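Next come the chains, spelled out residue by residue.
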Amino acid sequence: MEMRELTVVAGSFVGFQLLFSVASPLLSSATTPGYGRLPPTKLTEWNSRLVSTVHALIVGLFCLYILWFDDAVNANPVWGDPGLVKLNVAITCGYLLYDLVLLACNWSTMGDSFFVCHHLAALYAYGYVLTRGVLPYFANFRLISELSTPFVNQRWFFEALKYPRSHRMVVLNGVAMAVVFFLVRIAVMPSYWASVFATFGTPDFERLGLGAQVAWITSCIALDILNTIWMYKITRGCYKVMTGRGGRKVKEGAEASSSSDKMKHVNNHTD
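On a predicted model such as this, the values are computed, not experimentally measured, just so you know.

Here is what the cut-offs are and how they apply
- Residues numbered from 1 in each chain as written.
- Predicted model: local features only at pLDDT ≥ 70, side-chain atom pairs only at ≥ 80, totals over all residues.
- Heavy atoms only, no water.
- Core = buried A, V, L, I, M, F, W, Y, C linked by side-chain atoms within 4.5 Å.
- Buried < 20%, exposed > 50% of the residue type's maximum accessible area, 1.4 Å probe, protein only.
- Helix = DSSP H or I, 4+ residues; strand = E, 2+ residues; numbered from the N terminus.
- Contact = heavy atoms within 4.5 Å.
- 1 Å grid on protein atoms, 1.4 Å probe; cavity = no way out; pocket = protein on both sides within 12 Å on 5 of 7 lines; lining within 4 Å.
- Points joined across faces, edges and corners; volume = space filled by probe spheres on them.
- Nonpolar A, V, L, I, M, F, W, Y, C, P; charged D, E, K, R; others polar.
- Axes fitted to C-alpha atoms, helices over the stretch in contact; angles between N-to-C directions.
- Parallel < 35°, antiparallel > 145°, perpendicular 65-115°, else oblique.
- Left-handed = near helix turned anticlockwise from the far one by under 90°.
- pLDDT = per-residue confidence, 0-100.
- Salt bridge = Lys/Arg side-chain N within 4 Å of Asp/Glu carboxyl O.
- Phe/Tyr/Trp six-rings, centres within 6.5 Å; stacked < 30°, edge-to-face > 60°.
- Polar contact = N/O pair within 3.5 Å; in protein donor to acceptor, adjacent residues only side chain to side chain.
- Patch = residues over 30% accessible without salt bridge, like charges linked within 9 Å, V, L, I, M, F, W, Y side chains within 5 Å.
- Areas by Shrake-Rupley, 256 points an atom, 1.4 Å probe, with all protein chains shown as cover.

> Help me out: how do you make sense of the nonpolar core in this one?
Inside soluble globular proteins, nonpolar side chains tend to come together where they are buried. Counting residues in each nonpolar core, the largest one holds 65 residues, and the members touching the most others are Trp46, Val89, Tyr126, Phe138, Tyr192, Leu208 and Trp216. Residue contributions to this core peak at ten residues, all from helix H4 (residues 83–105). Beyond its immediate sequence surroundings of up to four residues, valine 89 is in contact with Tyr126, Val129, Leu130, Ala139 and Leu143.

As structure tokens, this is what we get:
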């Protein structure tokens, strides 16, 4: 890994930590009256999700730029010039490391084995991108999934502020969340895997070596399984809101059930 990427990873880690511990509390206190009334555990998750949203917007928009304008990466998806992609991946790796530390420090309230599996699978695969500059197109394609994260986080913000689930903004955000999550994480699977299969047996694929091939394929399978599970949970939650089944009865048990029916743990993690 070059010094540039190491610097970006370290800077990303420190920057997101400062955003979590300094900028988010100040910004949230100034803009959201209900923020100060949240219990400490929810304050921690609020700040975490705000950081997640910022990361998702930076990385997701950067991904679209690369997809539309980086001809070298699009021309050779396995060995194209990875310069811009490596910068984006380095930002994400710094974020993932920050989030793993946050989860470890708050495991009793925020810990989730899905998150850990997701993060480790992503770091394992992205390590090859940073160290060898391989698979830039596919790494960039996976990061586009981050565009769904702001909607997932916004749903949690509404719930933390005790917006009724029948509130128009909650319903609209829920529908948008389900649609965007499906588009950027599920609907793209056939196209993505068609591109993957198209490389099999080519000289570029053989040049990768067994280690990179295994890291690439296994991590993608793991991430797509997790995305499918999360899509199922989101669909269930969206259906309950739209049909009115998530009413007062569910609200009474919101704290206990938010990690399942409310998709509490779909929020801030990267493909």
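> What exactly am I supposed to notice about empty space enclosed by the protein here?
Remark: the empty space left among the atoms is shown by a probe the size of a water molecule rolled over them. This model, assessed by the stated rule, comprises six cavities of 30 Å³ or more. Looking at the largest cavity, its volume works out to about 150 Å³. What lines the largest cavity is a set of 19 residues, and nearest its centre among them are Ala125, Tyr126, Val129, Trp216 and Ser219. Mapped by element, the contributors of at least two residues to the lining of the largest cavity are helix H6 (113–132), helix H7 (136–143) and helix H12 (210–243). Taken together, the residues of the lining of the largest cavity break down into 16 nonpolar, one polar and two charged. Estimated volume of the second largest cavity: approximately 90 Å³.

> Hey, could you run me through the packing of H4 against H6 in this one?
Each pair of packed helices can be described by the angle between their axes along with the distance between the axes. Interhelical geometry of H4 versus H6 gives an angle of 150 degrees and a closest axis separation of 10 Å. Relative to H6, the element H4 lies roughly antiparallel. Here the hand of the crossing between H4 and H6 comes out left-handed. Here H4 contributes Val85, Lys86, Val89, Ala90, Thr92, Cys93, Leu96, Leu97, Asp99, Leu100 and Leu103 to the contact with H6, which in turn contributes Phe115, Val116, His119, Leu120, Ala122, Leu123, Tyr126, Val129 and Leu130.

> Just to check I follow, could you spell out the confidence of the model for the protein for this structure?
Keep in mind that low pLDDT regions are not for reading the predicted coordinates in detail. When the pLDDT values of the protein are averaged, the result is 86; 89% of them are 70 or greater. Looking across the protein, the model is least confident in helix H14 (residues 254–257), with a mean pLDDT of 41, and most confident in helix H1 (residues 3–31), with 95. pLDDT under 50 marks residues 247–265. Its contacts with residues more than four places away, or in other chains, come to 37 contacts.

> Even after reading the chapter, I still don't get the pattern of salt bridges, so can you show me in this structure?
Two side chains with opposite charge may pair up if their charged atoms get near one another. Here the structure, examined in full by the defined rule, presents six salt bridges. Of the charged contacts in the structure, one is a salt bridge between glutamate 5 and lysine 86, with a shortest N-O distance of 3.9 Å. Within this pair, whereas glutamate 5 is found in helix H1, its partner lysine 86 is found in helix H4, the two being separated by 81 residues in sequence. We note that glutamate 5, like lysine 86, is buried. A salt bridge links arginine 155 to glutamate 159; the shortest N-O distance between them is 3.7 Å. Residue arginine 155 and its partner glutamate 159 are located together in helix H8 (residues 149–160), separated by four residues, close to a single helical turn. The buried category is assigned to arginine 155, whose relative accessible area is 8%.

> What exactly am I supposed to notice about the packing of aromatic side chains here?
Where two aromatic rings form a pair, the distance of their centres and the angle of their planes describe that pair. Going through the model one piece at a time under the given rule, you end up with 21 aromatic pairs. Taking 5.7 Å as the distance between ring centres and 90 degrees as the angle between the ring planes, the aromatic pair formed by phenylalanine 138 and tyrosine 192 counts as edge-to-face. One end of the pair, phenylalanine 138, is in helix H7; the other, tyrosine 192, is in helix H10 (residues 189–199), with 54 residues separating them in the sequence. Residue class for tyrosine 192 comes out buried when judged on its relative accessible area of 3%. Ring centres of phenylalanine 141 and tyrosine 192 lie 5.5 Å apart, and the angle between their planes is 45 degrees; this geometry places the pair in the tilted category. Highlighted residues: phenylalanine 141 in helix H7 and tyrosine 192 in helix H10, separated in sequence by 51 residues.

> Hey, could you run me through the environment of serine 145 in this one?
Looking at the element boundaries, serine 145 is found in the loop between H7 and H8. Distance in space between the C-alpha atoms of serine 145 and valine 59 is 9.6 Å, their sequence separation being 86 residues. Within polar-contact distance, the side chain of serine 145 engages the backbone oxygen of arginine 142 at 2.8 Å.

> I tried to follow a nonpolar patch on the surface on my own but got confused; where do I start?
Residues Val175, Val179, Phe182, Leu183 and Met242 make up a contiguous nonpolar surface patch of roughly 440 Å² in combined accessible area. The element best represented in the nonpolar patch is helix H9 (residues 168–186), accounting for four residues. With respect to the helices and strands, the residue methionine 242 is situated in helix H12. Judged by relative accessible area, methionine 242 falls into the exposed class, the value being 56%.

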